[in-house]
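If you want the building blocks of each chain, they are given just below.
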Amino acid sequence: MDNVIKVQREDFNADDLLNKVKSPPSGCVVCFIGTVRDHSKGREISRMSIEVYEEMAVKQLEMIREETIEKFGVNDIIIVHRYGDLNVEDNIVFIGVAAGHRPEGFDACRHVIEELKVRVPLWKKEYTTDGEVWVEGDRHE
Amino acid sequence: MDNVIKVQREDFNADDLLNKVKSPPSGCVVCFIGTVRDHSKGREISRMSIEVYEEMAVKQLEMIREETIEKFGVNDIIIVHRYGDLNVEDNIVFIGVAAGHRPEGFDACRHVIEELKVRVPLWKKEYTTDGEVWVEGDRHE
Amino acid sequence: MKIKVKYYASFRDMTGKNEEVLEVKDGITVKGIRDHVRGIYEKIAQKEQVLVAVNGTFTQLDEVIKEGDDVAFFPPVSGG
Amino acid sequence: MKIKVKYYASFRDMTGKNEEVLEVKDGITVKGIRDHVRGIYEKIAQKEQVLVAVNGTFTQLDEVIKEGDDVAFFPPVSGG
């Protein structure tokens, strides 16, 4: 899993990841890149820090990756999520899905980010004009 | 439009384009990258060439870009489409959509590629085991 | 009047030309010039879809072509 | 038996701890240890959503915790 799932402090290079995930039988790669927004719920954000329960996060991302490949019939998926201190506009997450055709590529990519947002133990703390705020995400059912 | 619409022979760097399209108010970038597949309708593909009616293609892409920004309320869109001789796995097209939130990012990105495939004067010729074949695309209504 | 028309992709192969100048009657419409080209090239006549762009834009079939317009003929597009 | 529990994000702030060892009765379930932790920390008791993972996996509330299990408490996740 070394090359397809990464939870890391460092930034990533989207072009390198694109070249890694694409393949001759794939006709496309659909990517989602999450970045640090300068505002949230009406508050201005100056920076962000992300905490991770790393061992579990990697395990959950591997499960999501395998489930998604199976469910949507796509060729490959790479997921990289950063943690630590980030500034506005910094990259947070890269999800790249290589697929034979675009409908399953879009659907699979969207599925990965939706699942990530409820199942993967990562937490954002936003530094706002009102102070530090832990972001609480979507409900886990 | 110099930086947001390009029809070019050269390859592109997805990381550079990502950095160009993202912005502080955007929380994500959704990208579609089309690549040369090694097969098509049961035939093996060895390489591809893409022809463009360049002046019209740029005009159509500008229209699609503006319509999509307006319709989906996204922040910015970059589109780069290559022409000329390409090999299997080579990049064909990059569409990057910077959006406040992911639903409109995914919807807008998908809209751009769907429109591109019916309205933008580009034609693929595939070099297959059965000879050269012009690909005829979706119907323009 | 004289109208310069351009051919792309398989239409260039079918006509053997990148472009040519056609002598057509004044006030001809997009549909008129399409019928004219179909009349010259049997292979284009056989195509169900013949796209015509005027000055880089798709237009209505009843739009009138003017001298100096840039008219292009091509099959359904297949980029992306 | 002794069970090591870990706290993440706002739960670490609420408990003031990264982790601690709790003395619980043998055969305790996930729900049981969650009630135990809620009993110690009022701020966690007030949270509607208290997620518990055992050995890096979300489990059923009636799953029994064994000595040596890795138990983690945290609020709803917010990555992506």
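Here we summarise the structure given alongside this text. Since this is a predicted model, take the numbers as computed values, not measurements. (Residues numbered from 1 in each chain as written. Chains lettered and ligands numbered in written order. Predicted model: local features only at pLDDT ≥ 70, side-chain atom pairs only at ≥ 80, totals over all residues. Heavy atoms only, no water.)

### Re the overall build of chain C
Secondary structure assignment for chain C yields 3 helices and 5 strands. Its helices and strands in sequence order give chain C the pattern β-α-β-α-α-β-β-β, from N to C terminus. Compactness check: chain C gives a C-alpha radius of gyration of 12 Å against a globular reference of 12 Å for 80 residues, within 12% of the reference. Counting only C-alpha atoms and orienting by the principal axes, one finds that chain C spans roughly 35 × 25 × 20 Å. When the 80 residues of chain C are sorted by exposure, 51% land in the buried category. The long-range share in chain C, meaning contacts at least 24 apart out of those at least 6 apart in sequence, stands at 54%. Only carbon and sulfur atoms are counted for the fraction: they give 47% of the accessible area of chain C, which is about 3,800 Å². (Helix = DSSP H or I, 4+ residues; strand = E, 2+ residues; numbered from the N terminus. Rg over C-alpha atoms; globule rule 2.2 N^0.38 Å. Buried < 20%, exposed > 50% of the residue type's maximum accessible area, 1.4 Å probe, protein only. Contact = heavy atoms within 4.5 Å. Areas by Shrake-Rupley, 256 points an atom, 1.4 Å probe, with all protein chains shown as cover.)

### Overview of the overall build of chain A
Within chain A, the secondary structure is distributed over 3 helices and 9 strands. Ordered by position in the sequence, the α and β elements of chain A form the string β-α-β-β-β-α-β-β-β-α-β-β. Against the globule reference of 14 Å for 141 residues, chain A gives a C-alpha radius of gyration of 15 Å, in line with a compact fold. Projected onto its principal axes, the C-alpha positions of chain A cover 50 × 30 × 25 Å. Per-residue burial over chain A gives 60% buried out of 141 residues. Nonlocal contacts in chain A, meaning residues at least 24 apart in sequence, comprise 75% of its contacts between residues at least 6 apart. Working note: accessible area of chain A is about 5,700 Å², and carbon and sulfur atoms make up 41% of it.

### Some details on the packing of aromatic side chains
Counted under the stated rule, the structure contains 20 aromatic pairs over all chains. The interplanar angle of 5 degrees and the centroid separation of 5.8 Å between the aromatic rings of Phe106 of chain A and Phe32 of chain B together place this pair among those described as stacked. Taken together, the residues Phe106 of chain A in helix α3 (residues 102-119) and Phe32 of chain B in strand β2 (residues 28-35) connect one chain to another. Aromatic pair Tyr7 of chain D and Tyr41 of chain D: ring centres 5.9 Å apart, planes at 75 degrees, arrangement edge-to-face. Remark: Tyr41 of chain D occurs in the loop between α2 (30-40) and α3 (42-45) and Tyr7 of chain D occurs in strand β1 (residues 2-7); sequence separation between them is 34 residues. Among the aromatic side chains, those forming a connected cluster through ring pairs are Tyr53 and Trp123 of chain A together with Tyr8, Phe58 and Phe74 of chain D. Across from the ring centre of Tyr127 of chain A, 3.8 Å away, lies the NZ or CZ of Arg47 of chain A, which sits over that ring. (Phe/Tyr/Trp six-rings, centres within 6.5 Å; stacked < 30°, edge-to-face > 60°. Lys NZ or Arg CZ within 6 Å of the ring centre and 35° of its normal.)

### Some words on the nonpolar core
The biggest cluster of nonpolar side chains holds 86 residues, and the ones touching the most others in it are Phe32, Phe94 and Ile95 of chain A together with Phe32, Phe94 and Ile95 of chain B. Leaving out residues up to four positions away in the same chain, Phe94 of chain A has contacts with Phe12, Ala14, Leu17, Leu18, Cys31, Phe32, Ile33, Ile78, Ile79 and Val80 of chain A. (Core = buried A, V, L, I, M, F, W, Y, C linked by side-chain atoms within 4.5 Å.)

### Quick look at the sheet that holds β1 of chain D
All names here are of chain D. The strand order across the open sheet formed by 5 strands is β2-β1-β5-β3-β4, and the pairing between neighbours is mixed. Sheet topology places β2 (19-23) and β4 (57-58) at the edges, where each strand pairs with a single neighbour. Bridge count between β1 and β2: 5 bridges; the pairing is antiparallel. In the strand pairing of β2, Lys2 is matched with Glu23. (Pairing = 2+ DSSP bridges.)

### Some thoughts on the environment of Val77 of chain D
Following the sequence through the fold, Val77 of chain D ends up in the segment after β5 (71-74). Counting along the chain gives 68 residues from Val77 of chain D to Ala9 of chain D, while the straight-line C-alpha distance between them is 9.2 Å.

### Some words on the interface of chain A and chain B
One widely used convention gives an interface's size as the accessible area the parts lose upon coming together. Facing the 39 residues of chain A at the interface are 39 residues of chain B. Together chain A and chain B conceal approximately 3,300 Å² of surface at their shared face, both sides included; 51% is due to carbon and sulfur atoms. At the junction of chain A and chain B, the tally comes to 4 salt bridges. One salt bridge connects Arg102 of chain A with Glu114 of chain B, and the closest N-O pair in it is separated by 2.7 Å. Counting across the interface, chain A meets chain B through 23 residue pairs in polar contact (both at pLDDT 80 or more). Counting residues per element, the ones that place at least two in the side of chain A that touches chain B are α1 (14-21), β2 (28-35) and α3 of chain A. For the side of chain A that touches chain B, the element with the most residues is α3 of chain A, which contributes 9 residues. Residues belonging to the side of chain A that touches chain B are distributed by class as follows: 17 nonpolar, 10 polar and 12 charged. Note that β2 of chain A and β2 of chain B share 7 bridges and pair antiparallel. Bridge pairing links Phe32 of chain A to Val30 of chain B in β2 of chain B. (Buried area = accessible area lost by both parts, 1.4 Å probe. Salt bridge = Lys/Arg side-chain N within 4 Å of Asp/Glu carboxyl O. Polar contact = N/O pair within 3.5 Å; in protein donor to acceptor, adjacent residues only side chain to side chain. Nonpolar A, V, L, I, M, F, W, Y, C, P; charged D, E, K, R; others polar.)

### Quick word on the sheet that holds β2 of chain B
The mixed open sheet is built from 8 strands, whose spatial order is β1(A)-β5(A)-β7(A)-β2(A)-β2(B)-β7(B)-β5(B)-β1(B). Each edge of the open sheet is held by one strand with a lone partner, namely β1 (5-8) of chain A together with β1 (5-8) of chain B. Across this sheet, the average inter-strand angle for adjacent strands is 10 degrees, counted without regard to direction. Alignment of β1 of chain B against strand β5 (residues 76-82) of chain B, held across 4 bridges, turns out to be parallel. Within the sheet, the bridge partner assigned to Lys6 of chain B lies in β5 of chain B and is Val80 of chain B. The strands that α3 of chain A touches are β2, β5 (76-82) and β7 (91-99) of chain A together with β2 of chain B; relative to β7 of chain A, the one it contacts most, it runs at about 145 degrees. (Axes fitted to C-alpha atoms, helices over the stretch in contact; angles between N-to-C directions.)

### Overview of the relation of the copies chain A and chain B
For these two chains of identical sequence, chain A goes onto chain B by a turn of 180 degrees and a shift of 0.0 Å along the axis, with RMSD 0.0 Å. This pairing of chains is accounted for by a two-fold axis. By residue overlap, the copies meet face to face through one surface: 100% of the interface positions of chain A are interface positions in chain B. (Least-squares fit on C-alpha atoms with pLDDT ≥ 70 in both.)

### Section: unusual backbone geometry
Leave glycine aside and you will find that most residues have negative phi; peptide bonds, for their part, are mostly trans. Residues and elements named next belong to chain C. Positive phi, normally seen in glycine, also occurs at Ala9, with a value near 55 degrees. Examined against the element boundaries, Ala9 turns out to sit in the loop between β1 (2-7) and α1 (10-15). Its relative accessible area of 0% is what places Ala9 among the buried residues.

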